[in-house]
Amino acid sequence: MIRIVGAVVLVGFGIQALRQASRAKGADEGAWEATAKSGWASYRGGLLLNLANPKAAVFAMSFLPQFVPQGAPHLPAMVGLAALWAVYEVGYYGLYVWFVGRLKSVLSRAGVRRRLEQVSGGVLLLLGVRMALEG
């Protein structure tokens, strides 16, 4: 049942992305403009989204304990590993944001955005169909 619901959601998102791409084709260049947010507002929104996501905590609690050395105090080792993981994530996503920021002029063009919507919509649609047909 969950697989079918997931497939329906993927297909729905794929169709939505393809419709958005076709709507934007006839629209003017400003159709892709997003409302500007400050860097702090974007950071705060992303932080709140991640804190509200229990999957990260479940992953950390199931993945990190295998790296605690035998005989080491468990809590300090887990806190240290979690801090190391956080530093890595901040660095990784910082580089990612920097790179995308450098490509902003290219990615914000209407034709490029439309093509990205078409490709992502097609991929979501195909993944949904594949999930529905898997047995």
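Only a predicted model underlies this, so the values are computations on that prediction, with no experimental measurement involved. (Residues numbered from 1 in each chain as written. Predicted model: local features only at pLDDT ≥ 70, side-chain atom pairs only at ≥ 80, totals over all residues. Heavy atoms only, no water.)

Trainee: Sorry, what's going on with the overall build of the protein chain here?
Mentor: On a plain count of helices and strands, the protein chain comes out with six helices and zero strands. Tracing the protein chain from N to C terminus, the helices and strands come up as α-α-α-α-α-α. The C-alpha atoms of the protein chain give 20 Å as radius of gyration, which overshoots the globular expectation for 135 residues (14 Å, by more than 25%). Sorting the 135 residues of the protein chain into buried and exposed places 13% on the buried side. Across the protein chain, the fraction of contacts at a sequence separation of at least 24, relative to all contacts at a separation of at least 6, is 70%. (Helix = DSSP H or I, 4+ residues; strand = E, 2+ residues; numbered from the N terminus. Rg over C-alpha atoms; globule rule 2.2 N^0.38 Å. Buried < 20%, exposed > 50% of the residue type's maximum accessible area, 1.4 Å probe, protein only. Contact = heavy atoms within 4.5 Å.)

Trainee: In this structure, what is going on with the nonpolar core? I would like to understand it.
Mentor: Soluble, globular proteins show a tendency: their nonpolar side chains are buried together. In this structure, A60, L64, V68, A77 and M78 together form the largest nonpolar core, which totals five residues. When neighbours within four sequence positions are excluded, M78 is seen to be in contact with A60, M61, L64, P65 and V68. (Core = buried A, V, L, I, M, F, W, Y, C linked by side-chain atoms within 4.5 Å.)

Trainee: What exactly am I supposed to notice about the packing of aromatic side chains here?
Mentor: In this description, an aromatic ring pair is defined by two values, namely the gap between the centres and the angle between the planes. Counted under the stated rule, the structure contains six aromatic pairs. Through a chain of ring-to-ring contacts, the aromatic side chains of F59, F63, F67 and W85 assemble into a single cluster. (Phe/Tyr/Trp six-rings, centres within 6.5 Å; stacked < 30°, edge-to-face > 60°.)

Trainee: What exactly am I supposed to notice about the pattern of salt bridges here?
Mentor: One side chain can pair with another of opposite charge once the charged atoms of both are near each other. Using the criterion set out here, one finds one salt bridge in the structure. Of the charged contacts in the structure, one is a salt bridge between R130 and E134, with a shortest N-O distance of 3.6 Å. What makes E134 partly exposed here is its relative accessible area of 40%. (Salt bridge = Lys/Arg side-chain N within 4 Å of Asp/Glu carboxyl O.)

Trainee: Sorry if this is basic, but what is going on with a nonpolar patch on the surface here?
Mentor: On the surface, Y88, Y92, Y93, L95, Y96, V97, W98, F99, V100, L103 and V106 cluster together into a nonpolar patch covering about 1200 Å² of accessible area. The biggest single contributor to the nonpolar patch is helix α4 (residues 74–102), with nine residues. (Patch = residues over 30% accessible without salt bridge, like charges linked within 9 Å, V, L, I, M, F, W, Y side chains within 5 Å. Areas by Shrake-Rupley, 256 points an atom, 1.4 Å probe, with all protein chains shown as cover.)

Trainee: Explanation requested: the environment of Q70 in the structure shown.
Mentor: Position of Q70 among the secondary structure elements: in the loop between α3 (54–63) and α4. Distance in space between the C-alpha atoms of Q70 and S22 is 58 Å, their sequence separation being 48 residues.

Trainee: What exactly am I supposed to notice about the environment of S42 here?
Mentor: The topology assignment puts S42 in helix α2 (residues 39–51). Spatially, the C-alpha atoms of S42 and W85 are 21 Å apart, while their sequence positions differ by 43 residues.

Trainee: Help me understand the environment of G6 in this model?
Mentor: Counting through the fold element by element, G6 comes out in helix α1 (residues 2–26). Taking the C-alpha atoms as reference points, G6 and Q118, 112 residues apart in sequence, are found 20 Å from one another.

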